[in-house]
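Listed below, chain by chain, are the residues.
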Amino acid sequence: MDAKRVWAEINLDALGHNLASIRQAAGAGVRIMLVVKADAYGHGSVGIAHHAVRCGIGALGVGTSAEALELRHAGIRVPILVLGTVVDEELRDCLGYDIHLGLHAGDRARTLAELAGRMNCKAKVHLNVDTGMGRLGIPPARALSLLEEIHATPQLELAGVMTHLAATDGAQDPQGMLQSAVFDRFLAAARTVTEDLGWVHLANSAGIFTGLGDRYGTVRPGLAAYGVLPDSIDHAQELRPVMGLRSQIVFLKDVPKGTPVGYASTWKAPEATRIATLPIGYADGLPWRAAEGGEVLIRGQRAPIVGRISMDYTTVDVGHIRDIQVGEIATLVGSDGGQSISLAELANHAGTIPYEISCSIGRRVSQLFVGGEQIAVPGQPAPLATIANIPSVSASAANARAGRGV
Ligand SMILES: *Cc1c(COP(=O)(O)O)cnc(C)c1O
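What you are looking at is a predicted structure, and each value in this text was computed from that prediction instead of being measured.

Colleague: Just give me the short version of the domain arrangement of the chain, but keep the residues and values in it.
Modeller: Taken as a whole, the chain is organised into domain 1 (12–226 + 381–389) and domain 2 (243–368). Here the C-alpha centroids of domain 1 and domain 2 sit 38 Å apart. With seven residues of domain 1 at the contact, the number on the domain 2 side is five residues. Both faces considered, domain 1 and domain 2 share a buried interface measuring about 630 Å² in area, 63% of it formed by carbon and sulfur atoms. The three residues of domain 1 that bury the most area against domain 2 are Y41, H43 and L223, which together make up 63% of that side's buried surface. For the pair domain 1 and domain 2, the interface holds three residue pairs in polar contact (both at pLDDT 80 or more). Looking at side-chain class alone, the side of domain 1 that touches domain 2 contains three nonpolar, three polar and one charged residues.

Take a look at the structure:
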């Protein structure tokens, strides 16, 4: 492998494995809309999307129109939904590239209809109903009249009806069950307006693995596909982490007892020891707070981060590892020998959630795709027309697309 300063190793086989788990939890007939917002939570949305389409997922969810266009330009043809909303300036591109849009306001419905009329197309919208998240989405009491308006407007196509869970534990939390019940009531009323509601979707990862996956026809997993779930949810152990984060030792220094290391001299060597410097810092996405209790793996052994993490560098106490050399690989997230450090463990030390870490992996970090030769989701052949547009999804192809060598 071509070691760099810092690289995120993206394991496409782990992605396939996790998609198969999601498929099993959601049921065979359920459409998977893989959420790839924020560059697929920092995993590289183009490489992830190509492999996921090969594994048979039916749609993609993104956060912004720019993310949707990046996928279109990379040859992704499956339906793409902007999960939240867009600003007016993004509308033209969304219509031009056949991007589905969440909708929760009448004035937006009218703007969209007018623009679609001028562009001679239809705007595909997913009515977003607020069942308890309290953020985007229209309250159920007002959603029915918006639904009627969509239904009566020829330039608008009702492509779906959606809601989003506030509960982070899905149906294990009474709030999750309550939201699902509110959504069910709304759907019953909506079906008196039209039988064809398009895709109906509620479940994120936590929802899928707590029994809400097969209740509606479509699910929207993000985190679980990348191998992370709250520990409180069964099945968390079945998933495989997709991202590893690695660097290499650039400098070794023997220091006497009492030597201060790093900004503000917050750490002083309690004994004579050896300090390794790694060329990864908080600008690369390693959280500044992770210095408190954080560890890395070198040669299958744990080594504590010491002193403050700086913008470009991190220092590690390696006094207990014999004959260590410059150039040896340090694993910040992932496995090495029998040991492994999960995103969740790192997040724990940093006092944050795993998503925030993977999303913060900076632009200086190269993505190196591995695996991907095998299609891991059984019984879910991808649509042939889609596959025909994708010459190959192996790791080397994903790396080549990203302009990187393996
Ligand atoms: C991010 C997001 C998801 C995915 O959530 P996970 O917890 O990562 O599975 C699903 N739906 C919407 C609307 C989202 O914004």
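From this point, the discussion proceeds with the structure in view.
Colleague: Can you tell me about helix α7 (residues 140–152), naming the residues and giving the values?
Modeller: If you check α7, its first and last C-alpha atoms are 19 Å apart, about what 13 residues at 1.5 Å a residue would give, namely 18 Å. Among the residues of α7, A143, L146, L147 and I150 are the ones counted as buried. Across the axial projection of α7, the buried residues extend over an arc of 110 degrees, all falling on one side. Residues of α7 that are exposed and point over 90 degrees away from its buried face: A141, R142 and A152. At its buried positions, α7 is contacted by β5 (100–103), α6 (106–119), β6 (123–128), β7 (156–162) and α8 (174–193).

Colleague: Which residues make up the side chain of S45, and what values do they have?
Modeller: Among the secondary structure elements, S45 is positioned in helix α3 (residues 45–54). For S45, the contacting residues outside a window of four places in its chain are V36, D39, A40, E70 and L71.

Colleague: I'd love a proper account of the packing of aromatic side chains, names of residues and values included.
Modeller: The geometry of two aromatic rings is summed up by the distance between their centres and the angle between their planes. By the definition in use, this model includes three aromatic pairs. Residues Y41 and Y226 carry aromatic rings whose centres are separated by 4.9 Å and whose planes lie at 40 degrees to one another, so their mutual orientation is tilted. Remark: Y226 occurs in the loop between β9 (218–219) and β10 (243–248) and Y41 occurs in helix α2 (residues 37–42); sequence separation between them is 185 residues. Residues Y41 and Y226 agree in their burial class; the two are buried. Aromatic rings pair up to connect Y41, Y226 and Y355 into one cluster.

What counts, and at which threshold
Residues numbered from 1 in each chain as written. Predicted model: local features only at pLDDT ≥ 70, side-chain atom pairs only at ≥ 80, totals over all residues. Heavy atoms only, no water. Domains from an automatic or database assignment. Contact = heavy atoms within 4.5 Å. Buried area = accessible area lost by both parts, 1.4 Å probe. Polar contact = N/O pair within 3.5 Å; in protein donor to acceptor, adjacent residues only side chain to side chain. Nonpolar A, V, L, I, M, F, W, Y, C, P; charged D, E, K, R; others polar. Helix = DSSP H or I, 4+ residues; strand = E, 2+ residues; numbered from the N terminus. Expected span 1.5 Å × (residues − 1). Buried < 20%, exposed > 50% of the residue type's maximum accessible area, 1.4 Å probe, protein only. Arc of directions from axis to C-beta. Phe/Tyr/Trp six-rings, centres within 6.5 Å; stacked < 30°, edge-to-face > 60°.

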